Amino acid sequence: MTKILRGTPVADQLKEQLSLKVNNYINQGINPKIAILRVGNRPDDLAYETRVFKNCQKVGIDVESVNMDDNTIMVDLIAVINKLNENTDIHGILIFRPLSAHLDEKIVASKINPQKDIDCMSPENLVKIFAGETTGLGPCTPLAVVALLNFYEYELSGLNVVIVNRSMVLGKPLSMMLLASNSTVTICHSKTKDLAVLTRQADVVVTGVGRPKYFGQGFFTDQSSIVDVGINFDGDQMCGDVDYDAVSDVCAAITPVPGGIGAVTSMILLQNVIKAIEIQQTHKNKKSQEE
Ligand code: NAP
């Protein structure tokens, strides 16, 4: 019988833990707050903003929305980022991506204060992931995959994981996190030969190719656990990279889409807000001890 790896119980557990931590901070006089920086009015950005507002409300985190015109130039965008960096009432900054083509995302990423970088854009935080350091703020989707595997009690040490994605938001950082937990990791991509041979040998397959229902039965065995990170649309219907109806009866375990990793990722973003406050408090205490 296939195990359905639902994201909701994972997200609910995280939400409960977060609400307690937020309350603790509020009792100490610290009101957790993030700023959303949105350039333009893209419908998917607006929908994401609404979701972030709702999730923050659920755990008691305040949100300030900063909206800039589509024609915003770099110097103005950086000035706003600097202001948010300096504002001690703001603990986390979330800049919606992708930015308009005329804005340089790499420069923007380097301007955000790494201690407030809840979406892990800054090079400083990314380097920490690759150096195996856990003191920074990590990327939400890879952290969500690890949280889900932990919740469902996968023993990561020695686990044979194939990740079909090599992007900086998923495959590369996830591979580093799993390696740090002693998994054996294979990264695949669009030029990988005999992909199905590799996925069929894995204990866990993480898919993130962005192609609706691309992975059929032939990619898996009855021993496969599948974490489908893809968010796609088949007509009006949201679906993953895996053909869920065809595969869910023949594999060992699978995340549904919707209802899988997405819900966990949303909570991990808020978990990063709490971690950001912890980092900022530690930094503040260290500084005052030095003075
Ligand atoms: P991306 O940058 O376009 O990366 C896609 C990756 O898939 C690339 O490494 C690409 O290989 C590989 N690929 C594409 N077609 C392939 C094929 N036929 N066979 C093997 N590999 C193939 O996308 P992304 O930003 O990482 O996002 C990936 C998916 O995850 C999207 O569906 C996105 O919506 C979803 N996502 C979900 C969440 C969540 O919370 N659930 C968060 C972020 C993203 P190359 O490198 O060779 O091009």
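Up top is the structure these notes are about.
Residues numbered from 1 in each chain as written. Predicted model: local features only at pLDDT ≥ 70, side-chain atom pairs only at ≥ 80, totals over all residues. Heavy atoms only, no water.

Caption draft 1: How the structure looks around the site of the ligand. N165, R166, S167, S190 and T265 are the nearest of the 21 residues found near the ligand. Between the ligand and the protein, one listed contact pairs an oxygen atom with a side-chain N or O atom of N165 at 2.8 Å. Take S167: an N or O atom from its side chain is 2.6 Å from an oxygen atom of the ligand. Surface burial for the ligand is 71%, taken as the share of its 930 Å² of free accessible area covered by protein chains. The greatest single-element share of the shell around the ligand, amounting to three residues, is contributed by helix α10 (residues 261-290). In terms of residue class, the shell around the ligand is built from eight nonpolar, eleven polar and two charged. (Near = heavy atom within 4 Å. Polar contact = N/O pair within 3.5 Å; in protein donor to acceptor, adjacent residues only side chain to side chain. Areas by Shrake-Rupley, 256 points an atom, 1.4 Å probe, with all protein chains shown as cover. Helix = DSSP H or I, 4+ residues; strand = E, 2+ residues; numbered from the N terminus. Nonpolar A, V, L, I, M, F, W, Y, C, P; charged D, E, K, R; others polar.)

Caption draft 2: Structural context of the pairing of strand β8 (residues 225-228). Across the two faces of β8 the burial is the same, with S225 and V227 and I226 and D228 all buried. Sheet topology note: the strand β7 (residues 204-207)/β8 ladder contains four bridges and is parallel. The residue bridging V204 from the neighbouring strand is S225, located in β8. Pairing between β8 and strand β11 (residues 253-254): two bridges, direction parallel. Within β11, the position partnered with I226 by the bridge is I254. (Buried < 20%, exposed > 50% of the residue type's maximum accessible area, 1.4 Å probe, protein only. Pairing = 2+ DSSP bridges.)

Caption draft 3: Layout of the pattern of salt bridges. In this structure the tally under the stated criterion is six salt bridges. For R42, the salt bridge identified is with D45, shortest N-O distance 3.5 Å. Residue classification places D45 among the buried positions, given a relative accessible area of 5%. Taking the shortest distance from any N to any O, the salt bridge between D234 and K213 comes out at 3.0 Å. On the criterion of sequence distance, the pair formed by D234 in strand β9 (residues 232-234) and K213 in the loop between β7 and β8 is long-range, its members being 21 residues apart. Within the structure, one salt-bridge network assembled from shared partners comprises R42, D44 and D45. (Salt bridge = Lys/Arg side-chain N within 4 Å of Asp/Glu carboxyl O.)

Caption draft 4: Highlighting the packing of aromatic side chains. All told, the structure shown has seven aromatic pairs when counted by the stated rule. Ring centres of F215 and F219 lie 4.9 Å apart, and the angle between their planes is 75 degrees; this geometry places the pair in the edge-to-face category. On the accessibility criterion, F215 (0% relative accessible area) is buried. Three or more aromatic residues joined by ring pairs form one cluster here, namely Y214, F215, F219 and F220. (Phe/Tyr/Trp six-rings, centres within 6.5 Å; stacked < 30°, edge-to-face > 60°.)

Caption draft 5: The arrangement of the state of the cysteines in detail. Enumeration according to the criterion identifies zero disulfides in this entry. This cysteine, C239, is not joined by any disulfide, and C251 carries the nearest cysteine sulfur, 16 Å off. (Disulfide = S-S within 2.5 Å.)

Caption draft 6: The nonpolar core, seen in detail. Core analysis: the largest hydrophobic core is formed by 52 residues, its most contacted members being I34, Y154, V206 and V227. Mapped by element, the contributors of at least two residues to this core are α1 (8-27), β2 (33-39), α2 (43-59), α6 (140-151), β5 (160-164), α7 (171-180), β7 and α10. Element by element, the count of residues in this core is highest for α10, at ten residues. Excluding residues that lie within four positions of it along the chain, V227 makes contacts with V145, L148, L149, V204, V205, V206, T207, T255 and I261. By size, the runner-up hydrophobic cluster in this structure holds 20 residues, among which are M68, I90, L103 and V108. (Core = buried A, V, L, I, M, F, W, Y, C linked by side-chain atoms within 4.5 Å. Contact = heavy atoms within 4.5 Å.)

Caption draft 7: A nonpolar patch on the surface, seen in detail. Judged by side-chain polarity, I231, F233 and M238 come together as a nonpolar surface patch covering roughly 300 Å² of accessible area. Along the polypeptide, F233 turns up in strand β9. (Patch = residues over 30% accessible without salt bridge, like charges linked within 9 Å, V, L, I, M, F, W, Y side chains within 5 Å.)

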